[in-house]
Amino acid sequence: MENPSFLHPQYESLSRAEIEALQTERLQKTLQQCMKSPFYRKRFEENHISPRDIRSLGDMSKIPFTTKQDLRDNYPFGLSTVPLSEVVRLHSSSGTTGKPTVILHTKRDIEQWADAVARCLYMVGLRPGDVFQNTSGYGMFTGGLGFQYGAERLGLLTVPAAAGNTKRQIKFITDFGTTAIHAIPSYAGRLYEVMSEMGIDPRRDTRLKTLVIGAEPHSEEQRRRIETMLGVKAYNSFGMSEMCGPGVAFECPEQNGMHIWEDYYIVEIVDPVTLEPVPDGEVGELVLTTVNREAMPLLRYRTRDLTRILPGDCPCGRHHKRLDRMKGRSDDMMILKGVNIFPIQIETILMQFPELGNEYLITLTNEDANDLMTVEVELKEFSDDYPKLQALTKEITRQLKDEILVTPQVRLVPKGSIPVTDGKAVRVRDLRKTLI
Ligand code: COA
Ligand code: AMP
Ligand code: ZN
C-alpha cells in the first residue's frame, strides 16, 4: 500500500487496535461537535445523557439513533454544528411533497470526502493517466460531484459526462480513450446494449478496464456478467448522501465485500425490529456514525440498508471491516435508474387529482436494460372522453416526473379494476429481473 501521502496511507493500513483507538478519539471530538447543534443538544438532554457518558466504543449503545425523519423534522439547518458562513456545499434529496433532507459540508468536509473517494479509486488501481468517465447525474446526486472531486484529487483525467445520452457516452469512451467508468449496474447493461447496436466491441474498440458500480442493489451474478460483457473488472461502491455520498465503502481488488473506511465511520449492524446489535456475519440494518465530519456529524444514523459485516480478514491486508453487498431495505424506498423513490411521494401527487380514486399500483419492470415504472391508477368515475383522459394522463406524468425525477408510464384504469387484497394494500410490485 505505497499510496501517495495525500491519501493518508497511515489510516488505510491501521491495525484493528489502532482503528478502534482512532475511532474512540474521533468519537469524543464528534460528540463535542454535536453539542453545537440544537438538535443533538436537545436529544441528549431528553435522554439524560451527556458526551461524558460515552467513554468507549462499548458505550455507543447509549447514544440514541438518528433517523431520516429527524433530518426532515429539522429541515433545513437544524442539524448544523457550524455557522452557515462556514458551510460551502448543500446537497438535498429530491421531492416537492413533504420535506426533503439536507446535508451540509464545510470546506474540510468536501476535502475529506474527495480524499475518501480518491482512496477507493486508487485501491482498485486507477492512477494519473487513466481517463475516468462519470455517468452519474450531477447536481444534487452525490455520485456526480462526489466522484468528480475524488477522481480529480487522484489526478485522473475526469469526464463529467453525467446521466443519459448513451450514444454520446460511447463516443466519449472511444474518442477520449476512457479506461474507467462509474455507472449504476443497470446502466452498464444499457451501455453494452447500445455499443452492440453501434457495432462497437468494448474489448476490441475501447480501452475500458475498470467499472465502478453502485447506487442500487445487484447480485454477484450480475456483476460477473457485466464484467464479461464489457471486458472490465467491476467494483462495488457503497455510499449515501447522509454520509457525504460515494466513498463510504468500496471493494478492494479481492472483490469480496466492501471495506468501510473506519477512520470516517463507526459501523454497527442492528436488528431492524429490536434495534439490538447483531453479531458479525448476521444480516441486519446498517447504522453509521460519522467521526470525521464538521458541518453535520450524524450519530448512529439508521441507514435502512440491510447487509452484514463479513467475518474474517481480507487477504489484501486492510483491516477496515467489510460490508456484504446490500440485501434490500428495511423501509419501502425503491431505487429506479439510480434515483431513490418513496411510494408516498407518488401517492401524494395522485391524491391531488380529484378525477382519481384511492387505489393505485406501482409496477417496476425492466426491458432491454431499461428500468420502467408503470403507475396504474383508478378513475373515480367512468369516462370515455379520450382527449380529456389523454390530457389528464399527461399532466399526472408531468407532475410525477417533477416529484420523483424519473418518467413513469401512467395508466388510468376503471374503478374497481385494481385488486384490493384483504388487509394491507399492495402498492408496489417489483418485477425487475437480472436481464444482462
Ligand atoms: N445513469 C445514466 N444514464 C441513465 C440512467 C442512469 N442511472 N438511467 C437512465 N439513463 C439514460 C437512459 O438510458 C436514457 O438515455 P438513452 O436513451 O440515450 O440510452 C436517458 O438516461 C434518459 O432516460 P429515460 O429513462 O428516458 O428518462 P427518465 O426521465 O425516466 O430518467 C434520468 C431521467 C435518467 C435523467 C434520471 O433517472 C437520472 O438522473 N438518473 C441518474 C441518477 C443517478 O445518477 N444516480 C446515482 C447516484 S450516486
Ligand atoms: P443516495 O443518498 O441517493 O446516494 O442513495 C443512497 C442509497 O443508495 C443507499 O442508502 C442504498 O440504499 C443505495 N445504494 C448505494 N450504493 C449501493 C450499493 N453499492 N449497492 C446497493 N445499494 C446501494
Ligand atoms: Zn481487501
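Residues numbered from 1 in each chain as written. Chains lettered and ligands numbered in written order. Predicted model: local features only at pLDDT ≥ 70, side-chain atom pairs only at ≥ 80, totals over all residues. Heavy atoms only, no water.

## As for the overall build of the chain
Across its full length, the chain holds 12 helices and 21 strands. Rg of the C-alpha trace for the chain: 23 Å, near the compact-globule value of 22 Å for 436 residues, within the 12% margin. With respect to the three principal axes, the spread of C-alpha positions in the chain is 70 × 60 × 45 Å. Partitioning the intrachain contacts of the chain with sequence separation of at least 6 by distance along the chain shows that 65% fall at a separation of at least 24. Across the chain, the centroid of the 55 positively charged side chains sits 2 Å from that of the 59 negatively charged ones. (Helix = DSSP H or I, 4+ residues; strand = E, 2+ residues; numbered from the N terminus. Rg over C-alpha atoms; globule rule 2.2 N^0.38 Å. Contact = heavy atoms within 4.5 Å. Lys, Arg positive; Asp, Glu negative; His and termini not counted. Charge placed at Lys NZ, Arg CZ, Asp CG, Glu CD.)

## What about the coordination of the zinc ion (ligand 3)?
Protein-derived coordination of the zinc ion (ligand 3) comes from C252 (SG), H259 (NE2), C314 (SG) and C316 (SG), at a distance range of 2.1 to 2.3 Å. What the four donor atoms of the zinc ion (ligand 3) show is an angle range of 103 to 116° at the metal, which sorts the shape as tetrahedral. Read from N- to C-terminus, the donor residues coordinating the zinc ion (ligand 3) fall into the pattern C-x6-H-x54-C-x1-C. In this structure C314 comes out as buried when scored by relative accessible area, which is 7%. (Donors = N, O, S within 2.8 Å, 3.2 Å for Na, K, Ca; no water. Tetrahedral: all angles 85-135°; square planar, octahedral: opposite > 155°, others 65-115°. Buried < 20%, exposed > 50% of the residue type's maximum accessible area, 1.4 Å probe, protein only.)

## Here we look at the domain arrangement of the chain
Annotation of the chain at the domain level lists domain 1 (1–330) and domain 2 (334–434). Look at where the C-alpha atoms of domain 1 and domain 2 centre, and you get two points 31 Å apart. With 17 residues of domain 1 in contact, the opposing surface of domain 2 contributes 16 residues. Summing the contributions of domain 1 and of domain 2, the shared interface buries around 1,300 Å²; its carbon and sulfur component is 57%. (Domains from an automatic or database assignment. Buried area = accessible area lost by both parts, 1.4 Å probe.)

## Points about the nonpolar core
Ranked by internal contacts, the top residues of the largest apolar core, which has 67 residues, are Y40, L121, F132, F238, F250 and L323. The leading source of residues in this core is helix 5 (residues 107–123), at nine residues. Setting aside its immediate chain neighbours within four residues, F250 contacts C120, L121, M123, V124, F147, V212, Y235, N236, S237, G257, M258 and H259. Counting residues in hydrophobic clusters, the runner-up holds 23 residues, among them M334, I346, I396 and I404. (Core = buried A, V, L, I, M, F, W, Y, C linked by side-chain atoms within 4.5 Å.)

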